[in-house]
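# Examination of the molecular architecture
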Amino acid sequence: MNAPLQNRVTPFGDIVAISQRGLFTGNRGIIHDPATKTLLNKRWSSKAWLVCTCEYKGRRRDVMASRSWTELFFLDEAVALAAGHRPCFFCRRDAAKAFRAAWAGARGQAEPSAAAMDAVLHSERMERGRKRIHPLPGPLPELPDGTVIAASGSAYTIADGRAFRWAEHGYEQSQKLTHAAGMLTPPSIFMALQAGYRPILHPMIRK
């Protein structure tokens, strides 16, 4: 049995080698060597960090096989958003348009370009080369579904006021948290969630 490739993304934005099956793929540009199917030292080559569908018009890709974008995988959309990715306008156009509309609605502004959103998100993703953890914007039970928080070194996705811990095998049973270190979901994405964008959550999350 072949060892898993280093292409699974955690809510903290790290890219790890685990066998977890996810609902979405995506990319940050070309960050791998196709000869060895291993990652380069860099973890992005573009500010456009995308969340893509794993199935698109029957097309199939051999993962990390060419000098094309590096295929990354996420347990669900909440994890991808927490890591700083946004819906792709090519393969997930309806979701991307809904996300942009929620983004604009939250600010009371005209709908931005994809590049403008990417520039904002890139400033919110990292700080001195590390994932930014943002202050909690409100009480945990009031956070919108799909918000991901950090507590005691772990990541939890909020759904229906409950917290589901992300783990290598998927989500664990919900827990009642009373405090958290901060929010992994970038603030601009959180505002889109508040404004009505509904990310697709893994079936392991039972509302």
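This section reports on the structure supplied with the text. (Residues numbered from 1 in each chain as written. Predicted model: local features only at pLDDT ≥ 70, side-chain atom pairs only at ≥ 80, totals over all residues. Heavy atoms only, no water.)

## Quick look at the pairing of strand β11 (residues 148-151)
The alternating pattern of β11 places V148 and A150 on one face and I149 and A151 on the opposite face, and all of these are buried. Where β11 folds back onto strand β12 (residues 154-159) in an antiparallel hairpin, the turn is made up of two residues, including S152, whose phi is positive at roughly 55 degrees. Sheet topology note: the β11/strand β15 (residues 182-183) ladder contains two bridges and is antiparallel. Among the inter-strand pairings, I149 is bridged to a residue of β15, identified as M183. (Buried < 20%, exposed > 50% of the residue type's maximum accessible area, 1.4 Å probe, protein only. Helix = DSSP H or I, 4+ residues; strand = E, 2+ residues; numbered from the N terminus. Pairing = 2+ DSSP bridges.)

## Focus on the state of the cysteines
Per the counting criterion, the structure on display carries zero disulfides. The thiol sulfur of C52 is not disulfide-bonded, and the nearest other cysteine sulfur, from C91, lies at 3.8 Å. There is no disulfide at C88, and the cysteine sulfur nearest it, in C91, is 3.9 Å away. For C88, a relative accessible area of 6% translates into the label buried. (Disulfide = S-S within 2.5 Å.)

## So, the sheet that holds β12
Across the sheet, five strands lie side by side as β14-β13-β12-β11-β15; this open sheet has antiparallel pairing. The sheet terminates laterally at β14 (170-175) and β15, the two strands that pair on one side only. Where β12 and strand β13 (residues 162-167) come together, four bridges link them in antiparallel fashion. The residue bridging Y156 from the neighbouring strand is R165, located in β13.

## Remarks on the environment of G29
If you trace the backbone, G29 turns up in the loop between β3 (24-27) and β4 (32-33). Taking relative accessible area as the criterion, G29 reaches 11% and is therefore assigned buried. Between the C-alpha atom of G29 and that of F12, which follows or precedes it by 17 residues, the distance is 18 Å. Other than its neighbours up to four places away in sequence, G29 contacts S45, S46, W69 and T70. (Contact = heavy atoms within 4.5 Å.)

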